[in-house]
Amino acid sequence: MSDTQPENGWTVDDLDALPDDGTRRELIDGVLHVTPSPAPTHQVLAARLMVALEESCPAHLHVTQSNDVILSMQRLFVPDVLVTTDEAAERDGKFIAKEVVLAVEIVSPGSQSMDRVLKPALYAKAGIPFYWLIERSGGLTVHAHQLAPGEDVYQPVGIFTETIKLNAPWDIEIPIARLRPRHL
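Attention in this report is confined to the structure presented alongside it. (Residues numbered from 1 in each chain as written. Predicted model: local features only at pLDDT ≥ 70, side-chain atom pairs only at ≥ 80, totals over all residues. Heavy atoms only, no water.)

The subject of this paragraph is the pattern of salt bridges. For the structure on display, the rule yields 12 salt bridges. With a closest N to O distance of 3.2 Å, arginine 25 and aspartate 21 form a salt bridge. Arginine 25 sits in the buried class, given a relative accessible area of 11%. Residue classification places aspartate 21 among the partly exposed positions, given a relative accessible area of 45%. (Salt bridge = Lys/Arg side-chain N within 4 Å of Asp/Glu carboxyl O. Buried < 20%, exposed > 50% of the residue type's maximum accessible area, 1.4 Å probe, protein only.)

What follows covers the nonpolar core. If you look at the biggest cluster of nonpolar residues, it comprises 28 residues, and the most contacted ones within it are Leu49, Leu53, Trp132, Ile134, Ile164, Ile174 and Leu179. The element contributing the most residues to this core is helix H2 (residues 40-56), with 5 residues. Ignoring any residue separated from it by four or fewer positions in sequence, one finds leucine 49 in contact with Val81, Val104, Trp132, Ile134, Ile174 and Leu179. Membership of the second largest hydrophobic core comes to 19 residues, among which are Ile28, Val69, Phe77 and Ala103. (Core = buried A, V, L, I, M, F, W, Y, C linked by side-chain atoms within 4.5 Å. Helix = DSSP H or I, 4+ residues; strand = E, 2+ residues; numbered from the N terminus. Contact = heavy atoms within 4.5 Å.)

Here we come to unusual backbone geometry. Here alanine 168 and proline 169 are connected by a cis peptide whose omega angle stands at 10°. Tracing the backbone shows proline 169 in the loop between strand S12 (163-166) and strand S13 (172-175). A positive phi angle, near 50°, is found at aspartate 29, a position not held by glycine. Secondary-structure assignment places aspartate 29 in the loop between strand S1 (24-28) and strand S2 (31-35). When its relative accessible area of 45% is taken as the criterion, aspartate 29 is described as partly exposed. Of note, the phi angle at serine 66 is positive, near 55°, even though the residue is not glycine. Classification of serine 66 as partly exposed rests on a relative accessible area of 30%.

Glancing now at the packing of aromatic side chains. Here the distance between the centres and the angle between the planes together describe a pair of aromatic rings. Tallied over the full model, the rule gives 3 aromatic pairs. Judged by centre distance (5.6 Å) and plane angle (45°), the ring pair of tyrosine 123 and tyrosine 131 falls under tilted. Within the aromatic cluster, the residues linked to one another by ring pairs are Phe77, Tyr123, Tyr131 and Tyr154. (Phe/Tyr/Trp six-rings, centres within 6.5 Å; stacked < 30°, edge-to-face > 60°.)

Now the structure itself:
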């Protein structure tokens, strides 16, 4: 299969038919988006957050990074960090939205609109209960959101510049300084 747009738009099955060549591909309503590899400081931040979350993560959940999440057959995103059910993590492959508890996006210069507007809207519509947005300009700021009860939109639950302190999806307390890459 080539990278040519299928007649009815791309699907998750079409992506599965492409070679596993390390290219980061996401789907938005059947349109293929190829994004560059994140910068080293972005990757360090994601790795440090993953380790910090893993330390306090309950046994029934699993922390990982940069895995495919299927929101629908024509929507697939690759969150920078995510928490899934442990049962889903035991299976090798893509996660489906209902298996994801927390999706985290780290804003990069080329992903601002996607991470701030589009992804949270589509993650919420897919029913992912928690979403964090990490801004890197002027230091690190973590914006934590939770699905509004009975709705498919997020409501803010905290903005953190010193310590991430939340009681959901579990008791979390992470000093922001611990996450900061040396070059940020």
